[in-house]
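The primary structure of each chain is shown beneath.
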Amino acid sequence: MGAGRLARDLHPVAWWVWAVGLAVAASCTTNPWLLLVLLGVVTLVVLTCRSDQPWARSFRLYVWLGVVVLVVRILFRVLLGGDVPGHVLFTLPSIPLPDWAAGISLLGPFTREELLAATYEGLRLATLLIAVGAANALANPKRLMKSLPPALYEIGTAMTVAISVVPQLADSARRVRAAQQLRGGPEGRFRRVRGVRRLLVPILEDAFDRSLALAAGMDARGYGRTGELTAIQRRRTGALIIGGLAGVCVGVYAFLDSTAPRLLALPMLVLGMLLALGGFALAGRRVQRTRYRPDRWQLPELVVAGAGIAAGAGMWALQRWDTAVAHPGVLVRPDVSLLALAAALVAVLPVWAAPLPVTARRRVEVVA
């Protein structure tokens, strides 16, 4: 499968575009078969294309978090359900509520239709979450920060630190657990559950130490120091950005409201985007930083990003033109069409199109 491919890191923005496309695809359907296909695609791509870096080990945590979201969604439906007619699975004692809470019921009969609806919605939320986790496991967060435009450097740095929290916690938990096992830590599943308290303090301490090291490194590299701008340049930049955002808001509102004048729709949206881009370009001048060997977009990056965009666009078209397949409801058996399968399976292209992941073994082979 990878005989003709060289091992290298794919552009992180390409992985995020792919993951966002899958998240859009998941948000456009409640069909459980399509959601399971999307989950299978995400899992296959992550297991095939991830490297052996610390952030690549965080995918398992997102999977467990998706399972928790699904279970919590069902439990909330049991707690706040009881008013949907259908085939009753079990009946819980109903709790009366005051008049100001009319329309809300606690417990009561729980039907099969409520269970299916909660499962479909929970599965969709879990798929969205796992798609974001796939991007965290595949994209290098440091290279992602380097790829951002200068105007978004500070915001991008904060976002990079935020999205790398889960991978760092996963790496800290792995190292702390390995150290405790070397010291004769608890064995067995039940004892490991009881030993969670022994893991929390070392993990939090390690996270705090890494935060201090990150802050020191950012301060040493001049983070937050800006270039010299005159008062007129600052006012001009702020006016362009605010005017652009206002134009985008007016354009989006007019685009969604069919009664608004068409002159305020697409023309205002384009004008607002141009003003905002001009403001970002001027704001980028105040950020002084160098970029060593900027990442280039090649054919694999285009294919990976295009696969995610195609999946999202395909599911959006399915939701628009074939609602019975995209949202089958709970009264009929969900069906799958050829267009729906094609829209979900096109996202598996990175398995063959993406370059081989960079691992420690391949580094040794290259050096040898």
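Residues numbered from 1 in each chain as written. Predicted model: local features only at pLDDT ≥ 70, side-chain atom pairs only at ≥ 80, totals over all residues. Heavy atoms only, no water.

Student: Quick question: what am I supposed to make of the overall build of the protein here?
Tutor: Along its length, the protein carries 16 helices and two strands. The buried share among the 368 residues of the protein stands at 36%. A fraction of 79% describes how many contacts in the protein between residues 6 or more apart in sequence connect residues 24 or more apart. When the accessible surface of the protein is split by element, carbon and sulfur atoms take 68% of a total near 21,900 Å². (Helix = DSSP H or I, 4+ residues; strand = E, 2+ residues; numbered from the N terminus. Buried < 20%, exposed > 50% of the residue type's maximum accessible area, 1.4 Å probe, protein only. Contact = heavy atoms within 4.5 Å. Areas by Shrake-Rupley, 256 points an atom, 1.4 Å probe, with all protein chains shown as cover.)

Student: Whenever I open this one, the packing of aromatic side chains confuses me. Can you help?
Tutor: Each pair of aromatic rings is reported with the distance of its centres and the angle of its planes. Here the structure, examined in full by the defined rule, presents two aromatic pairs. Measuring from centroid to centroid gives 5.7 Å for Trp 15 and Trp 18, while their planes differ by 80°, and the two rings are edge-to-face. Here Trp 18 and Trp 15 lie together in helix H1 (residues 12-27), a separation of three residues that amounts to about one turn. Trp 18 carries the same exposure label as Trp 15, and that label is buried. Ring geometry for Trp 316 and Trp 321: centres 6.3 Å apart, planes at 75°, overall edge-to-face. Taking relative accessible area as the criterion, Trp 316 reaches 44% and is therefore assigned partly exposed. (Phe/Tyr/Trp six-rings, centres within 6.5 Å; stacked < 30°, edge-to-face > 60°.)

Student: Please explain helix H2 (residues 32-49) as it appears in this structure.
Tutor: Along its 18 residues, H2 runs 26 Å from first to last C-alpha, staying within 8% of the 26 Å computed at 1.5 Å per residue. Inspection of H2 places Pro 32, Leu 34, Leu 35, Leu 38, Leu 39, Val 41, Val 42, Val 45, Val 46 and Cys 49 among the buried residues, and these make up the whole buried set. If you check the start of H2, you find a side-chain oxygen 3.0 Å away from the backbone N of Trp 33, and it comes from Asn 31. (Expected span 1.5 Å × (residues − 1). Polar contact = N/O pair within 3.5 Å; in protein donor to acceptor, adjacent residues only side chain to side chain.)

Student: Is there a simple way to think about the confidence of the model for the protein in this case?
Tutor: Close inspection of predicted coordinates is inappropriate for parts of the model with low pLDDT. Put simply, the protein has an average pLDDT of 77, and 70% of its residues get 70 or more. Low pLDDT (under 50) marks residues 364-368, which in the prediction has zero contacts with non-local residues, meaning those over four places away or in another chain. (pLDDT = per-residue confidence, 0-100.)

Student: It is not clear to me how the environment of Val 71 should be interpreted in this structure. Could you clarify?
Tutor: Note that Val 71 resides in helix H3 (residues 59-80). Val 71 sits in the partly exposed class, given a relative accessible area of 44%. A sequence separation of 48 residues divides Val 71 from Thr 119, and the C-alpha atoms of the two residues are 8.4 Å apart.

Student: How should I be thinking about the packing of H2 against helix H14 (residues 338-345) in this particular structure?
Tutor: Helix-helix packing is characterised by the crossing angle of the two axes and by the distance between the axes. Close contact between H2 and H14 brings their axes to 9 Å; oriented N to C, the two are set at 25°. When the axis of H2 is compared with that of H14, the two are roughly parallel. The handedness of the crossing between H2 and H14 comes out as right-handed. Between H2 and H14, the contacting residues are Leu 34, Val 37, Leu 38 and Val 41 on the first element and Ala 340, Leu 341, Ala 344 and Leu 345 on the second. (Axes fitted to C-alpha atoms, helices over the stretch in contact; angles between N-to-C directions. Parallel < 35°, antiparallel > 145°, perpendicular 65-115°, else oblique. Left-handed = near helix turned anticlockwise from the far one by under 90°.)

Student: Would you take a moment to explain H14 for this structure?
Tutor: Owing to its 3.6 residues per turn, the α-helix brings residues three or four apart onto one side. Among the residues making up H14, those that are buried are Ala 340, Ala 343 and Ala 344. Relative to the axis of H14, the buried residues are bounded by an arc of 95° and lie together on one face. Elements that come into contact with the buried residues of H14 comprise H2, helix H12 (299-321) and helix H13 (323-326). (Arc of directions from axis to C-beta.)

Student: Would you mind going over empty space enclosed by the protein with me for this structure?
Tutor: Empty space among the atoms becomes apparent when a probe as large as a water molecule is rolled across them. Per the counting criterion, the structure on display carries two cavities of 30 Å³ or more. In terms of lining residues, the largest cavity is bounded by 15 residues, among which Asp 9, Leu 10, Trp 15, Cys 49 and Leu 138 are the most central. Per-class residue counts for the lining of the largest cavity are 10 nonpolar, two polar and three charged. (1 Å grid on protein atoms, 1.4 Å probe; cavity = no way out; pocket = protein on both sides within 12 Å on 5 of 7 lines; lining within 4 Å. Points joined across faces, edges and corners; volume = space filled by probe spheres on them. Nonpolar A, V, L, I, M, F, W, Y, C, P; charged D, E, K, R; others polar.)

Student: So what exactly am I meant to see when it comes to the nonpolar core here?
Tutor: The tendency in soluble globular proteins is for nonpolar side chains to be buried side by side. One finds Trp 15, Trp 18, Leu 22, Val 42, Val 45 and Met 315 to be the most contacted residues of the largest nonpolar core, which totals 44 residues. Counting only elements with at least two residues in this core, the list comes to H1, H2, helix H4 (112-138), H12, H13 and H14. Setting aside residues no more than four positions away along its own chain, Val 45 makes contact with Trp 15, Trp 18, Arg 50, Leu 138, Ala 347, Val 348, Pro 350 and Val 351. (Core = buried A, V, L, I, M, F, W, Y, C linked by side-chain atoms within 4.5 Å.)

Student: Can you walk me through the pattern of salt bridges in this structure?
Tutor: Note on pairing: side chains with opposite charge can pair once their charged atoms come close. According to the stated counting rule, one finds two salt bridges in the structure shown. A salt bridge links Arg 112 to Glu 113; the nearest nitrogen and oxygen atoms lie 3.9 Å apart. A relative accessible area of 10% means that Glu 113 is categorised as buried. A salt bridge links Glu 121 to Arg 124; its shortest N-O distance comes to 2.9 Å. A residue pair is termed a helical-turn pair when its members lie 3 or 4 positions apart in one helix, as Glu 121 and Arg 124 do in helix H4 at three residues. Assessed through its relative accessible area of 27%, Glu 121 is described here as partly exposed. (Salt bridge = Lys/Arg side-chain N within 4 Å of Asp/Glu carboxyl O.)

Student: What exactly am I supposed to notice about a nonpolar patch on the surface here?
Tutor: On the surface, a nonpolar cluster with roughly 490 Å² of combined accessible area is contributed by Leu 65, Val 68, Val 72, Phe 76, Leu 79 and Leu 80. Following the sequence through the fold, Val 72 ends up in helix H3. A relative accessible area of 34% means that Val 72 is categorised as partly exposed. (Patch = residues over 30% accessible without salt bridge, like charges linked within 9 Å, V, L, I, M, F, W, Y side chains within 5 Å.)

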